[in-house]
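Each chain, written out:
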Amino acid sequence: MRKFLALIVTPLVILAGCGGGSGTTTTPPPPPPPPPGQTIATPGPPNVESLVVDAGPQGLTTPSVNTSFISVTVCIPGTTTCQTIDHIEVDTGSSGLRLVTGATTVDSAGNPIPGILFSLTSLPLPAVADPNNAANKLAECLQFADGFSWGSVNTADIKLPVSGKTATSVIVHVIGAASAGAAASANPTCVPPAPLNANPCMGQENTVPCFGANGILGVGPFINDCSSTSDCDPGTPVISGGTSYPSNSATYFTCTAVPSCAQVPKGTITTQLQVPNPAVLFAADNNGVIIELPAVPDTGNSAPVKGSLVFGIGTLSNNAKGSATTLPMCAANTTAGICGLTVNGMLVPLAGTISASLSGATYQESYLDSGSNANFFPTTSNSCPSPNQGFLCPTSTMSESAVLTGTDGTTAAADFSVANANTLFSANNGMNVAFSNLAGSNYSSTLPNNSLDLGLSFFYGHNVFTGFENNSGGPYFAY
């Protein structure tokens with residue numbers, strides 16, 4: 001998941017920063033018709049959940065841009081004591097259900113319930129105990145591309161209210177839970193280093209405004225968030241500026257009641273204790289997902305943009321791949337050949353990635369990710385001025401032609417355009433939230449620039465498949 005905050009609530013300020021007019025209209029144009037051949041499945045049982053792109057949940061200080069959401073019902077295991085939480089982001093780039101303390105809860109009609117926010121006090125989900133010390137409870141530090149999230153590890157039954165999909169005794173991550181203590185007190189710390197700590201939330205995505213959603217449903221290609229086939233190895237913490245940071249994207253901690261939290265030793269977190277991709281646990285239609293969103297106009301679309309999250313690939317008549325091109329990706333346990341990258345003399349596995357070529361460059365660590373709110377690629381040109389730096393603001397719309405290559409050599413064209421982000425954000429009086437031509441830079445001066453990240457911008461007008469590693473031929477992308 002990679003995001004930048006887009007300040008679309010202040011279009012006049014953005015226009016001033018951009019130095020030009022916008023062609024603003026008060027009535028948005030109608031959305032274009034679906035591309036030839038695109039069929040969007042009807043939400044409902046047994047495998048289609050309603051998906052919506054809108055401005056996000058209550059409590060945000062800045063509206064969401066290019067973020068797709070569903071609602072999830074969470075229950076104390078084995079009981080009917082439940083809460084339904086809206087605006088859970090759907091992310092094909094991560095694994096696990098993660099709920100943010102302070103999230104809004106809604107009734108059966110989707111209306112917020114006054115005075116009841118999600119927390120372990122309002123819904124006391126049981127904590128997961130340290131298997132080596134039952135008096136201690138587990139916590140987790142999860143690293144996204146744009147920040148760290150810290151919280152406790154708990155167990156819940158879950159149900160998706162439209163499709164009816166259920167899973168029981170699912171290990172979930174409760175971000176911002178008071179029982180885990182402060183992120184800064186963890187050892188190693190779960191407070192990110194520079195440059196992540198330069199954003200308004202200091203890189204700590206532990207609240208609804210900083211996370212940008214009430215939670216996240218990670219339905220990426222892998223079964224668990226740490227290791228699919230073995231115990232989670234936390235690795236040796238990274239030392240930077242005299243401070244220790246977790247070396248892995250998913251790092252588990254053992255916490256005392258005080259709490260005081262320390263990284264668990266290798267061998268503690270078995271596959272059964274890791275936060276899993278909940279869709280893998282469904283009784284059926286559990287081998288992949290499809291994100292289906294309609295095309296949107298070049299100037300963007302106001303909320304709501306309605307689509308579908310389809311579970312299963314090739315299991316029912318509404319989830320066949322049809323003519324989609326399948327691009328196998330690097331598996332979780334592969335470190336050699338095209339699935340390994342040498343960085344500072346060390347071999348780094350490229351799990352979950354494919355290769356991409358763009359403008360004469362090859363990006364070996366590329367992927368399709370619904371949790372990214374733009375198409376990101378390494379560039380030092382056309383960056384928007386403050387406050388929307390990170391997004392791109394070319395003087396005229398650019399057409400980009402990428403070619404994606406799966407691990408078996410299969411290729412697929414991935415054409416996209418890059419419009420001026422400030423102009424997009426100011427169109428329709430700043431009311432648009434869905435953009436197919438929004439892009440940003442993931443350039444780094446200190447790390448390898450090796451990825452093309454096709455985010456939700458690319459998903460409009462495509463049915464994008466993510467095949468899980470438990471799928472025949474998986475893991476893979478297809479569209």
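Residues numbered from 1 in each chain as written. Predicted model: local features only at pLDDT ≥ 70, side-chain atom pairs only at ≥ 80, totals over all residues. Heavy atoms only, no water.

## Observations concerning the overall build of the protein
Here is step 1: A tally of regular secondary structure across the protein gives 4 helices and 31 strands.
Here is step 2: Taking 2.2 N^0.38 as the reference for a compact globule, 479 residues should give roughly 23 Å; the C-alpha atoms of the protein span a radius of gyration of 21 Å, in line with that estimate.
Here is step 3: A principal-axis box enclosing the C-alpha atoms of the protein has dimensions of 60 × 55 × 45 Å.
Here is step 4: Surface exposure of the protein reaches about 18,300 Å², of which carbon and sulfur atoms provide 56%.
Here is step 5: The distance from the centre of the 9 positive side-chain charges to the centre of the 24 negative ones in the protein is 6 Å. (Helix = DSSP H or I, 4+ residues; strand = E, 2+ residues; numbered from the N terminus. Rg over C-alpha atoms; globule rule 2.2 N^0.38 Å. Areas by Shrake-Rupley, 256 points an atom, 1.4 Å probe, with all protein chains shown as cover. Lys, Arg positive; Asp, Glu negative; His and termini not counted. Charge placed at Lys NZ, Arg CZ, Asp CG, Glu CD.)

## Considering the nonpolar core
Here is step 1: Grouped together as the largest cluster of nonpolar side chains are 64 residues, with contacts concentrated most on Ile-70, Leu-125, Leu-309, Leu-368, Leu-404, Leu-452 and Tyr-479.
Here is step 2: Within the second largest apolar cluster, 12 residues are counted, among which are Val-65, Ala-374, Phe-376 and Leu-438. (Core = buried A, V, L, I, M, F, W, Y, C linked by side-chain atoms within 4.5 Å. Buried < 20%, exposed > 50% of the residue type's maximum accessible area, 1.4 Å probe, protein only.)

## Remarks on the pattern of salt bridges
Charged atoms that come close allow side chains of opposite charge to pair.
Here is step 1: A full pass over the atoms with the stated rule returns 4 salt bridges.
Here is step 2: Close ionic contact of Arg-98 with Asp-225 constitutes a salt bridge, the shortest N to O distance being 3.0 Å. Taken together, the residues Arg-98 in strand S4 (residues 95–100) and Asp-225 in the loop between strand S11 (215–219) and strand S12 (238–240) connect sequence positions 127 residues apart.
Here is step 3: Using a relative accessible area of 11% as the deciding quantity, one classes Asp-225 as buried.
Here is step 4: Across the pair Asp-285 and Lys-165 runs a salt bridge whose closest N-O atoms are separated by 2.7 Å. With Asp-285 in the loop between strand S15 (261–263) and strand S16 (288–292) and Lys-165 in the loop between strand S9 (147–159) and strand S10 (166–175), this residue pair connects regions lying 120 residues apart in the sequence. Take Asp-285 and Lys-165: they sit in the same class, and that class is buried.
Here is step 5: Salt bridges linked by common partners bring Arg-98, Glu-140 and Asp-225 together as one network. (Salt bridge = Lys/Arg side-chain N within 4 Å of Asp/Glu carboxyl O.)

## Quick notes on the state of the cysteines
Here is step 1: Counted by the stated rule, this structure contains 7 disulfides.
Here is step 2: Through a disulfide, Cys-141 is tied to Cys-190; the S-S separation comes to 2.1 Å. On the sign convention where negative is left-handed, the bridge of Cys-141 and Cys-190, at about 85° about the S-S bond, is right-handed. In this pair, Cys-141 sits in strand S8 (residues 133–144) while Cys-190 sits in the loop between S10 and helix H2 (208–211), placing the two residues 49 residues apart along the sequence. (Disulfide = S-S within 2.5 Å.)

## Topic: the confidence of the model for the protein
Here is step 1: Put simply, the protein has an average pLDDT of 91, and 92% of its residues get 70 or more.
Here is step 2: In this model, residues 5–32 is a region of pLDDT below 50 whose contacts with residues beyond four sequence positions or in other chains number 57 contacts. (pLDDT = per-residue confidence, 0-100. Contact = heavy atoms within 4.5 Å.)

## Some remarks on the pairing of strand S2 (residues 68–75)
Here is step 1: With 7 of 8 residues buried, S2 is to be regarded as a mostly interior element.
Here is step 2: As judged from the 2 bridges shared by strand S1 (residues 48–53) and S2, these two strands associate in the antiparallel manner. Its bridge partner being in S2, Val-53 is matched across the sheet by Ser-68.
Here is step 3: Sheet topology note: the S2/strand S3 (residues 82–91) ladder contains 6 bridges and is antiparallel. Considered in S3, the bridge of Phe-69 is made with Glu-89.
Here is step 4: Counting the residues between successive antiparallel strands, the hairpin from S2 to S3 contains 6 residues, one of them, Gly-78, with a positive phi of roughly 75°.
Here is step 5: Sheet analysis places S2 next to S9, joined by 3 bridges and oriented antiparallel. Each residue of the ladder has a partner; that of Cys-75, found in S9, is Asp-157. (Pairing = 2+ DSSP bridges.)

## A short note on the packing of aromatic side chains
Here is step 1: All chains considered together, the criterion is met by 7 aromatic pairs.
Here is step 2: Note on Phe-391 and Phe-425: the rings are 5.4 Å apart at their centroids and 75° apart in plane angle, and the pair reads as edge-to-face. With Phe-391 in the loop between strand S24 (375–377) and strand S25 (398–405) and Phe-425 in helix H3 (residues 421–430), this residue pair connects regions lying 34 residues apart in the sequence. Across this residue pair, the class does not change: Phe-391 and Phe-425 are buried.
Here is step 3: A cation sits over an aromatic face here: Lys-321 above Tyr-476, 4.4 Å from the ring centre. (Phe/Tyr/Trp six-rings, centres within 6.5 Å; stacked < 30°, edge-to-face > 60°. Lys NZ or Arg CZ within 6 Å of the ring centre and 35° of its normal.)

## With respect to the environment of Pro-265
Here is step 1: Relative to the helices and strands, Pro-265 is located in the loop between S15 and S16.
Here is step 2: Pro-265 gets classed as partly exposed once you look at its relative accessible area, which sits at 49%.
Here is step 3: Distance in space between the C-alpha atoms of Pro-265 and Asn-248 is 13 Å, their sequence separation being 17 residues.
Here is step 4: Apart from the residues lying within four places of it in its own chain, the contact partners of Pro-265 are Asn-132 and Pro-234.

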